[in-house]
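Geometric and topological summary
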Amino acid sequence: TLSSSSAASDVYKRQEEVLYHPNPTKGPLQLFIPGSEEKISIRVTGLNGQILMQKEVFVPQSRIAEITLRDYPKGTYIISVTAHDLSENFKVIKQ
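Now for a description of the structure that goes with this document. The structure presented is a predicted model; accordingly, all values stated were derived computationally and were not measured.

About the cut-offs
- Residues numbered from 1 in each chain as written.
- Predicted model: local features only at pLDDT ≥ 70, side-chain atom pairs only at ≥ 80, totals over all residues.
- Heavy atoms only, no water.
- Pairing = 2+ DSSP bridges.
- Helix = DSSP H or I, 4+ residues; strand = E, 2+ residues; numbered from the N terminus.
- Axes fitted to C-alpha atoms, helices over the stretch in contact; angles between N-to-C directions.
- Buried < 20%, exposed > 50% of the residue type's maximum accessible area, 1.4 Å probe, protein only.

Attention now goes to the sheet that holds strand β7 (residues 86–94). Backbone-to-backbone hydrogen bonds pair the strands of a sheet. The strands run either parallel or antiparallel. Strand order in the open sheet formed by four strands is β4-β3-β6-β7, with antiparallel pairing between adjacent strands. Each of the sheet's edge strands pairs with one partner strand only, and the pair in question is β4 (51–58) and β7. The mean angle between the axes of side-by-side strands here comes to 20°, regardless of whether they run parallel or antiparallel. Where strand β6 (residues 75–83) and β7 come together, nine bridges link them in antiparallel fashion. Across the sheet, threonine 82 pairs through a bridge with serine 87, a residue of β7.

Okay, here's the thing in structure tokens:
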């Protein structure tokens, strides 16, 4: 799990990429958002290119945003996280 201890936070703050956990997932997905963005856009896309979810999320003080893939069938999804100074895409497997 993602830790909110100060040592872990210091390590994450040096990272300039979105960290995510768990992968594979049964549904819940935690995203650690680097930097100081206050609002991000999250998009879930199937491998066929169909956008399944797109929403804007305020980033909490913990820098950990959460989404769920619970309502989607098992498979591989592309998660896109974008903001002013941030653009990341990664694959997540839903079990």
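Picking up after the structure, the text goes on.
Remember that side chains alternate between the two faces of the sheet whenever the strand is regular. Counting buried residues along strand β3 (residues 39–46), six of its eight residues qualify, which places the element largely inside the surrounding structure. Two elements, β3 and β4, share seven bridges in a ladder whose sense is antiparallel. The partner of isoleucine 40 across the bridge, within β4, is valine 57. Here β3 folds back onto β4, and the loop between the two strands holds four residues, one of which, glycine 49, carries a positive phi near 90°.

Worth remembering: the numbers are spatial, not functional.
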